[in-house]
Amino acid sequence: MIKNFFIAACAAAAYFSSGVASAQAGDNQGQLIVRGEYLARAGDCVACHTATGGKPFAGGLAMATPIGTVYSSNITPDKTNGIGNYTEAEFDQALRHGIRKDGASLYPAMPYPSYAKVKPADVKALYAYFMNGVKAEPTSNRAVDIPWPLSMRWPLSIWRAVFAPGVAGDDVADVGSGAQIALGRYLVEGLGHCGACHTPRGVGMQEKALTDDSSQLFLSGGVVEGYLASNLRGDSKDGLGKWTEQDIVDFLKSGRNGHSAAFGGMADVVSNSTQHMTNEDLVAIAKFLKSLAPVKPGEAALVYDEKTHQALRTGTDQSNGAMTFLNNCAACHRTTGHGYDQTFPALALSPTVNAKDPASLIKIALQGAVMPGTKAAPTQFGMPGFGDRLSDGDVADVLTYIRSNWGNNAPAVTADMVAKVRKSLPKKVAEADMTAQR
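Keep in mind the model is a prediction, meaning the values are calculated, not measured. (Residues numbered from 1 in each chain as written. Predicted model: local features only at pLDDT ≥ 70, side-chain atom pairs only at ≥ 80, totals over all residues. Heavy atoms only, no water.)

### Let's talk about the pairing of strand β2 (residues 68–71)
And then number 1: Sheet analysis places strand β1 (residues 62–65) next to β2, joined by 4 bridges and oriented antiparallel. Across the sheet, Ala64 pairs through a bridge with Thr69, a residue of β2.
And then number 2: Once β1 ends, the chain turns through 2 residues before running back antiparallel as β2. (Pairing = 2+ DSSP bridges. Helix = DSSP H or I, 4+ residues; strand = E, 2+ residues; numbered from the N terminus.)

What follows is the structure, encoded as structure tokens:
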């Protein structure tokens, strides 16, 4: 995958006159910037380093942590507020080691434990892009909203020593010339930093595993901003066991496939990052993910049950969950639970529906969700929120119904679970009038 333009330019200089060699060096710099732009998209740098309504890469996005709020920094080439005065070595220290120009440690909201795997050739390309392909913006950085003494940064150096691995060296093989799975591993574990969301975290807020080699907890699922970051391993019930490689590629290109649709933070990942990646890289990612063993090997696959459809069609199921589904959900997701392919996601046998943690379902039911519009699928389809018309009990009943029918087999949802999620939502949803009785 990696094209070593620097070596090519040096080789050209040995054969051509100084004038031609200079032109070749200029071409090389342009190629390096283009390469860096692609890598920045693969790493989805713009998502965290751009505040809502702000300038690209100018920082200011609020990120909640257990100890307070951290704001992303300005990474444009502005010399006063950005990284314009960073040398390539200092840029590398921040990106892969988590150390700022002034020597202070970065908060691990910056996924440098993953970026540690980025090869020096790609660091060089990223540096060329951010210094020459990004517009400088004078936006000032915001101080963290973390109370003292938790705001002291020196303990972060201990965190780095314990939880952040060593960085990739110059002797790392060019995975682009190797197996596709190796390329996929490099993208997923490195710039893609998929584990930052899809791997559970420990008491120190560290990812419990940074590679598949260390633990099967890697990419086994997590919760981010109230949404479930799905299990990406081979489990057939709540993972990617039933997804083909093409299903994964389609999802990363378009934000949807026959199994699911992107929502929450993943919708932004597809919009900003994966839809712009080459088919070669997406196929490599898919092959790597399909190589991951399930967390629960031998777990029986779910089997579709037609009885639910028949009970809804004939009206023999009069439970509140069934009636709430018919009145609010069936028009799009259908009484078969199959939805409409590429339009409204299937609920039957869905990994998201069958996840142990119902956080995503509750949040989507309350406030709705919209699929990302992409080059591959420009039409955006959305689901309205039902938080202003359904009580906590109604939401719990309908989600429990969905999670236990059509062959689905997941724990029940309680009204207390719904109430907890509702309190975390924007005021309009959280304070909805819930006086209506079932």
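Read on for the rest.
### Looking at unusual backbone geometry
And then number 1: Note the cis peptide between Trp148 and Pro149, where omega equals 10°.
And then number 2: Structurally, the position occupied by Pro149 is in the loop between α6 (120–132) and α7 (154–163).
And then number 3: If you check the backbone angles, Arg334 has positive phi at about 65° while not being a glycine.
And then number 4: Counting through the fold element by element, Arg334 comes out in the loop between α15 (330–333) and α16 (359–367).
And then number 5: By relative accessible area, Arg334 is classed as partly exposed at 31%.
And then number 6: We note that Leu349 has phi near 65°; this positive angle belongs to a residue other than glycine.
And then number 7: Mapped onto the fold, Leu349 is located in the loop between α15 and α16. (Buried < 20%, exposed > 50% of the residue type's maximum accessible area, 1.4 Å probe, protein only.)

### Some remarks on the pattern of salt bridges
Two side chains with opposite charge may pair up if their charged atoms get near one another.
And then number 1: Tallied over the entire structure, the rule returns 12 salt bridges.
And then number 2: The residue Glu88 makes a salt bridge to Lys124 at a minimum N-O spacing of 3.4 Å. Of the two residues, Glu88 is situated in helix α4 (residues 88–97) and Lys124 in helix α6; the sequence distance between them amounts to 36 residues.
And then number 3: Looking at Lys124, the relative accessible area reads 26%, which means it is partly exposed.
And then number 4: Because the salt bridges share partners, they merge into one network encompassing Arg185, Glu189 and Asp213. (Salt bridge = Lys/Arg side-chain N within 4 Å of Asp/Glu carboxyl O.)

### Considerations on the confidence of the model for the protein chain
And then number 1: In the predicted model, the protein chain carries a mean pLDDT of 88, and the fraction of residues at 70 or more is 89%.
And then number 2: Taken element by element, the predicted model of the protein chain shows its lowest mean pLDDT in helix α1 (residues 5–15) (33) and its highest in helix α17 (residues 392–402) (98).
And then number 3: Taken together, the stretch residues 1–25 has pLDDT below 50 and engages in 27 contacts with residues farther than four places along the chain or on a different chain.
And then number 4: Across residues 430–438 the pLDDT falls below 50, and counting only partners more than four positions away or on other chains, this stretch makes 17 contacts in the model. (pLDDT = per-residue confidence, 0-100. Contact = heavy atoms within 4.5 Å.)

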